[in-house]
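Listed below are the residues making up each chain.
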Amino acid sequence: MNGALSTTTIVAALVLAVWYLVRTALDRAPNRLDLIVCVALSVLVAALVVVAVAGLFGGDRPADTGTFAGYLVTTIGLMPTALILAKMEPTRWGNLILGIGCLVVPVLVLRLQQIASVTGA
């Protein structure tokens, strides 16, 4: 997997997690900018998943392809799901949903890297 893209995704997700959690502590509901930034993170995650899928077709397959595919599906679906839930909850808890989603993204990316590194993918 692409190291620079993975690192950028992890750092962006952690920065956004802090942002959303601070806004939750300040009792702020998600505003339009919060939702747009969440979409931007989703695009970054989608780019990472596309690179990972391209690597699968390039011949570098992890030993446990099923687990890797499961993590890919979870990774790409997490932030859009958090965005939908945050829009359904227009209180400060919407920001908490986004913040927790942003905290889970780095874990998923690191796990994808671990699975891919077993075979040198």
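(A) Local environment of the environment of G3. Within the secondary structure layout, G3 lies in helix α1 (residues 3-25). Sequence-wise, G3 and L48 are 45 residues apart; in three dimensions their C-alpha atoms are separated by 9.9 Å.

(B) Summary view of the packing of α1 against helix α4 (residues 92-117). It is at 8 Å that the axes of α1 and α4 come closest, and there the two elements cross at 160°. Classed by the angle they form, the pair α1 and α4 counts as roughly antiparallel. For the element pair α1 and α4, the recorded crossing hand is left-handed. Contacts from S6, T9, I10, A13, L14, L16, A17, Y20, L21, R23 and T24 in α1 reach R92, N95, L96, L98, G99, C102, L103, V105, P106, V109, L110 and Q113 in α4. Here the residues of the contact of α1 with α4 are counted per class, giving 15 nonpolar, 6 polar and 2 charged.

(C) Focus on the side chain of T9. With respect to the helices and strands, the residue T9 is situated in helix α1. You can call T9 buried: its relative accessible area is 0%. Among the polar contacts listed, one links the side chain of T9 to the backbone oxygen of L5, at a separation of 2.8 Å. Dropping the residues within four chain positions of it, T9 is found in contact with L41, L44, V45, L48, V105 and V109.

(D) The arrangement of the packing of aromatic side chains in detail. Under the defined criterion, the tally for this structure stands at 0 aromatic pairs. The positively charged end of R92 is found above the aromatic ring belonging to W93, 4.4 Å away from the centroid.

(E) Spatial organisation of the nonpolar core. Within the largest apolar cluster, 27 residues are counted, with the highest numbers of intra-cluster contacts made by L41, F68, L72, L98 and C102. Counting residues per element, the ones that place at least two in this core are α1, α2 (32-57), α3 (65-88) and α4. If we ignore the near neighbours within four places in the chain, the residues touching L41 are T9, A12, A13, L16, M79 and C102.

(F) Summary view of the confidence of the model for the chain. On average, residues of the chain carry a pLDDT of 90, and 95% of them reach 70 or more. Mean pLDDT in the chain bottoms out at α2, which sits at 91, and peaks at α1, which reaches 94.

Calculation notes
Residues numbered from 1 in each chain as written. Predicted model: local features only at pLDDT ≥ 70, side-chain atom pairs only at ≥ 80, totals over all residues. Heavy atoms only, no water. Helix = DSSP H or I, 4+ residues; strand = E, 2+ residues; numbered from the N terminus. Axes fitted to C-alpha atoms, helices over the stretch in contact; angles between N-to-C directions. Parallel < 35°, antiparallel > 145°, perpendicular 65-115°, else oblique. Left-handed = near helix turned anticlockwise from the far one by under 90°. Contact = heavy atoms within 4.5 Å. Nonpolar A, V, L, I, M, F, W, Y, C, P; charged D, E, K, R; others polar. Buried < 20%, exposed > 50% of the residue type's maximum accessible area, 1.4 Å probe, protein only. Polar contact = N/O pair within 3.5 Å; in protein donor to acceptor, adjacent residues only side chain to side chain. Phe/Tyr/Trp six-rings, centres within 6.5 Å; stacked < 30°, edge-to-face > 60°. Lys NZ or Arg CZ within 6 Å of the ring centre and 35° of its normal. Core = buried A, V, L, I, M, F, W, Y, C linked by side-chain atoms within 4.5 Å. pLDDT = per-residue confidence, 0-100.

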